[in-house]
Amino acid sequence: MAKITFITRDNESITVEGNSGNVMELAVQNKIKGIDGNCGGVCSCATCHVHVEPSDWAKTGAPNAMESDMLEFDEKVSDHSRLSCQMKVTEDLDGVVLKVAN
Amino acid sequence: MSENTTSNKICVVIGASHAGVNVAFSLRREGWEGEIILYDSDPEMPYHRPPLSKAYLSAENNSELDLLFPEQNYASENITLKLGETVSEINNEEKTITLSSGEIQLYDKLVLATGARPFIPPINGIKTASNLFPMRTFADTVSIQKAIKNSVEKRVVIIGGGYIGLETAASLKKIGAKVVVLEREERVLERVTAPEMSTFFSKLHQENGVEVLPNKNVVSIKTSEGINEVVCDDNTSYKADLIVVGVGIKVNIDLAEKAGVEIENGIKVDSSAKTSDANIYAIGDCTYHFNPHYNRFIRLESVQNAVDQAKVAALAICGNQVEYNAIPWFWSDQYDVKLQMVGLSKGYNEVIQRIELDNDKCQSVWYFKDNELLAVDAVNNGKAYVLGGRFIKGKQEIDKLKLKDVSIPIKPTSFLKD
């Protein structure tokens, strides 16, 4: 079980719990505004972009190659950008804070 | 929220796929307080459609569908799902719809998200063929997988070398089928890509053991004892235990047309997704809508259009001024290749293909009309896809010589004119 906090662009903070699937799916289930996951989680659309709190970067790890290609030139990219569909919900993510990019 | 309250109003949505489901959830987000009722003749909980022909079809065990939203979200957002129910008529004067059961439902606002259905061409013998399926719904994938499992020889003929045909070919190959793709035109993906892309995908399939045959116009199907023989007009024929038809779609306009809503290459809508009837909106694959960037009316078969138009319609229904203005994007997954497309290439007169130095499976095709970049097809190349989209949107002028030079890496400033 991992507790994950999303902070939306309206500065709403929502903490949810999950134990399977990916972070995008968890966000969609919990109606997190700004995370759509339109492609269903195959790293094709970048509608699930989040900025990881820098202090949590070690927990989430860096993006994979395909993901970082999608992120590198995204207008909203930061040093700690991830596509949440590429992040598995595991106990390693317990306590992380993710700012929704869109 | 707009001038008047919506708490006692009813919004009915016909079609519960990407467009219909997203308009329902967006309506709630934008403040629609009244009832929302979603109808679909498909009995399954609304699901992601694109994975069906991709990961889903090639998976060994498919016990769970990839749902658009979990079931409890419909309840918590007070969205009523009426699945397995077919709407037979719209009465726009009474503002009611009639179900095939005869039941009548009132509406204040109606959203048509009726999508499209596979086109089954009038080929001799197609109606009596054995194990012949389209590929659009969950039920189709179940039928196809069952037929593959029950077949000893697993010979598959796919009629049509478009995205559906090629994705289905790749997926069925993965689960052990012997696959032949018959394309009527001189190359696969003829309608949607440049010859460079067609060549790439033909080769990709051949390398993976799928036969891709162009110039194959199927004229008849002969079936005997459960085995089909697919006959082409050049007198060649192919044996098939299973046939998948992927030759395009027919837009579901019948309900709208009978209700007198304006039809032109689909259900014609304005920039807020409203039809010629002020109380009826239409979204997704079924619409013929204006694209401001390309300055023309278009019809699109895509998730992007379904979702983005749904958001626009929800805003408009809730009383906001809104204009649909999106650069279309699409994707396709075949084998280990991810194809991402942005923009609309129609009308191009020049193509620049980049094959990146370190990896010939990483490439991109850039479509121009004179100096205007219209579209980019990117193969395993997210950078080209993302930047291409930015260049198109910003009407960025591109230095074509630099773009052609693969020693110059793809970066935001790489191809700017000096």
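None of the values given here were measured: they were computed from a predicted structure.

**Section: the overall build of chain A**
- In terms of regular secondary structure, chain A is built from 3 helices and 5 strands.
- Mapped in sequence order, the helices and strands of chain A form the string β-β-α-β-α-α-β-β.
- Its C-alpha atoms give chain A a radius of gyration of 12 Å, within 12% of the compact-globule value 13 Å for 102 residues.
- Scored against the burial criterion, the 102 residues of chain A give a buried share of 44%.
- Across chain A, the fraction of contacts at a sequence separation of at least 24, relative to all contacts at a separation of at least 6, is 62%.

**A short note on the overall build of chain B**
- Broken down by element type, chain B carries 10 helices and 26 strands.
- What you see for chain B is a C-alpha radius of gyration of 23 Å, in line with the 22 Å of a compact globule of 418 residues.
- Expressed as lengths along the three principal axes of its C-alpha atoms, the size of chain B is roughly 70 × 60 × 35 Å.
- By the burial criterion, 47% of the 418 residues in chain B qualify as buried.
- Considering only contacts in chain B between residues 6 or more positions apart, those separated by 24 or more positions represent 62%.

**Topic: the pairing of strand E7 (residues 109-112) of chain B**
Residue and element names in this part refer to chain B.
- Burial along E7 is two-sided: the residues Lys109 and Val111 and Leu110 and Leu112 are all buried.
- Where E7 and strand E19 (residues 280-282) come together, 3 bridges link them in parallel fashion. Bridge pairing links Leu110 to Ile280 in E19.

**A word on the sheet that holds strand E14 (residues 227-232) of chain B**
Residues and elements named next belong to chain B.
- Read across the open sheet, the 3 strands follow the order E13-E14-E15; overall the sheet is antiparallel. Edge positions in the open sheet fall to strand E13 (218-224) and strand E15 (237-240), since each of these has one partner strand only. Going across the sheet, the axis of each strand differs from the next one's by a mean of 20°, ignoring polarity.
- As defined by bridge partners, E14 adjoins E15 across 4 bridges and the pair is classed as antiparallel. Note that in E15 the partner of Val231 across the bridge is Ser237.

**Considering the interface of chain A and chain B**
- Listed as interface residues are 15 residues of chain A and, on the opposing side, 21 residues of chain B.
- For the side of chain A that touches chain B, the secondary structure elements donating two or more residues are helix H1 (23-29) and helix H3 (65-72) of chain A.
- Class assignment for the residues of the side of chain A that touches chain B results in 6 nonpolar, 4 polar and 5 charged.

**Some points on the sheet that holds strand E3 (residues 79-83) of chain B**
Residue and element names in this part refer to chain B.
- Spatial ordering of the open sheet is given by E3-E2-E1-E7-E19, a layout of 5 strands whose pairing is parallel. Every interior strand has two partners, whereas the edge strands, E3 and E19, have only one. Strand-to-strand, the axes of this sheet are offset by a mean angle of 20°, without reference to chain direction.
- Against the sheet, helix H1 (residues 18-29) makes contact with strand E1 (10-14), strand E2 (35-40), E3 and E7, and its axis sits at roughly 175° relative to E2, the strand it touches most.

**With respect to the domain arrangement of chain B**
- Here chain B is described as being made up of domain 1 (10-117 + 250-317), domain 2 (126-247) and domain 3 (336-404).
- Distance between the C-alpha centres of domain 1 of chain B and domain 3 of chain B: 32 Å.

**Quick word on unusual backbone geometry**
- Phi at A:Ala46 is positive, roughly 60°, even though this residue is not glycine.
- Within the secondary structure layout, A:Ala46 lies in the loop between H1 and strand E3 (49-52).
- Judged by the 25 C-beta atoms lying within 10 Å of it, A:Ala46 falls in the buried class.
- The phi dihedral of B:Lys395 is positive, around 50°, even though this residue is not glycine.
- Position of B:Lys395 relative to the elements: it lies in the loop between helix H9 (382-393) and helix H10 (400-404).
- According to the C-beta neighbour criterion, B:Lys395 is exposed, with 10 such atoms within 10 Å.

**Considerations on H9(B)**
- For H9(B), built from 12 residues, the straight-helix expectation of 16 Å at 1.5 Å per residue is met to within 8% by its first-to-last C-alpha distance of 17 Å.
- Summarising burial for H9(B): 10 of the 12 residues are buried, a large majority.
- Within the sequence span of H9(B), burial applies to B:Gly382, B:Lys383, B:Ala384, B:Tyr385, B:Val386, B:Leu387, B:Gly388, B:Gly389, B:Phe391 and B:Ile392.
- Next to the buried residues of H9(B) lie H3 of chain A together with strand E22 (329-334), strand E23 (337-343), strand E25 (363-369) and strand E26 (372-379) of chain B.

**Section: the nonpolar core**
- The biggest cluster of nonpolar side chains holds 153 residues, and the ones touching the most others in it are B:Val23, B:Leu112, B:Ile283 and B:Ala313.
- Here this core gets 10 residues from one element, more than from any other, and that element is helix H8 (residues 303-317) of chain B.

**Comments concerning the environment of B:Ile123**
Residues and elements named next belong to chain B.
- One can find Ile123 in the loop between strand E8 (116-118) and strand E9 (132-133).
- Ile123 sits in the buried class, given 20 other C-beta atoms within 10 Å.
- Counting along the chain gives 108 residues from Ile123 to Val231, while the straight-line C-alpha distance between them is 10.0 Å.

**Observations regarding helix H2 (residues 50-58) of chain B**
All names here are of chain B.
- Most of H2 sits inside the fold, with 7 of its 9 residues counted as buried.
- All of the buried residues in H2 are Pro50, Pro51, Leu52, Ser53, Lys54, Tyr56 and Leu57.
- Those residues of H2 that are buried lie in contact with helix H4 (138-150), helix H5 (163-174), H8 and E22.

**Focus on the environment of B:Leu401**
- By the element assignment, B:Leu401 lies in helix H10.
- Through-space distance from the C-alpha of B:Leu401 to that of B:Gln363 is 17 Å; in sequence the pair is 38 residues apart.

**Quick look at the confidence of the model for chain B**
- Of all residues in chain B, 98% attain a pLDDT of 70 or more, and the chain-wide mean is 96.
- Interface confidence for the predicted complex, expressed as ipTM, amounts to 0.94; the pTM equals 0.95.

**Looking at the packing of H3(A) against H9(B)**
- Running from N to C, H3(A) and H9(B) cross one another at 20°; their axes reach a closest spacing of 7 Å. What the angle tells us is that H3(A) and H9(B) run roughly parallel. In the packing of H3(A) onto H9(B), the handedness of the crossing is right-handed. Facing H3(A), whose interface residues are A:Met66, A:Asp69, A:Met70 and A:Glu72, H9(B) presents B:Gly382, B:Lys383 and B:Val386.
- Its residues assigned to classes, the contact of H3(A) with H9(B) comprises 3 nonpolar, 1 polar and 3 charged.

**Brief notes about the packing of H2(B) against H4(B)**
All names here are of chain B.
- In the contact formed by H2 and H4, the axes pass within 11 Å of each other and the chain directions differ by 40°. Judged by the inter-axis angle, H2 sits oblique to H4. Handedness of the H2/H4 crossing: right-handed. Facing Leu52, Tyr56 and Leu57 of H2, the residues of H4 in contact are Phe138, Thr141, Ile144 and Gln145.
- Residue classes in the contact of H2 with H4 are distributed as 5 nonpolar, 2 polar and no charged.

Rules used throughout
Residues numbered from 1 in each chain as written. Chains lettered and ligands numbered in written order. Predicted model: local features only at pLDDT ≥ 70, side-chain atom pairs only at ≥ 80, totals over all residues. Helix = DSSP H or I, 4+ residues; strand = E, 2+ residues; numbered from the N terminus. Rg over C-alpha atoms; globule rule 2.2 N^0.38 Å. Buried ≥ 20, exposed ≤ 12 C-beta atoms within 10 Å, placed from the backbone. Contact = placed C-beta atoms within 7 Å. Pairing = 2+ DSSP bridges. Axes fitted to C-alpha atoms, helices over the stretch in contact; angles between N-to-C directions. Nonpolar A, V, L, I, M, F, W, Y, C, P; charged D, E, K, R; others polar. Domains from an automatic or database assignment. Expected span 1.5 Å × (residues − 1). Core = buried A, V, L, I, M, F, W, Y, C linked by C-beta atoms within 7 Å. pLDDT = per-residue confidence, 0-100. Parallel < 35°, antiparallel > 145°, perpendicular 65-115°, else oblique. Left-handed = near helix turned anticlockwise from the far one by under 90°.

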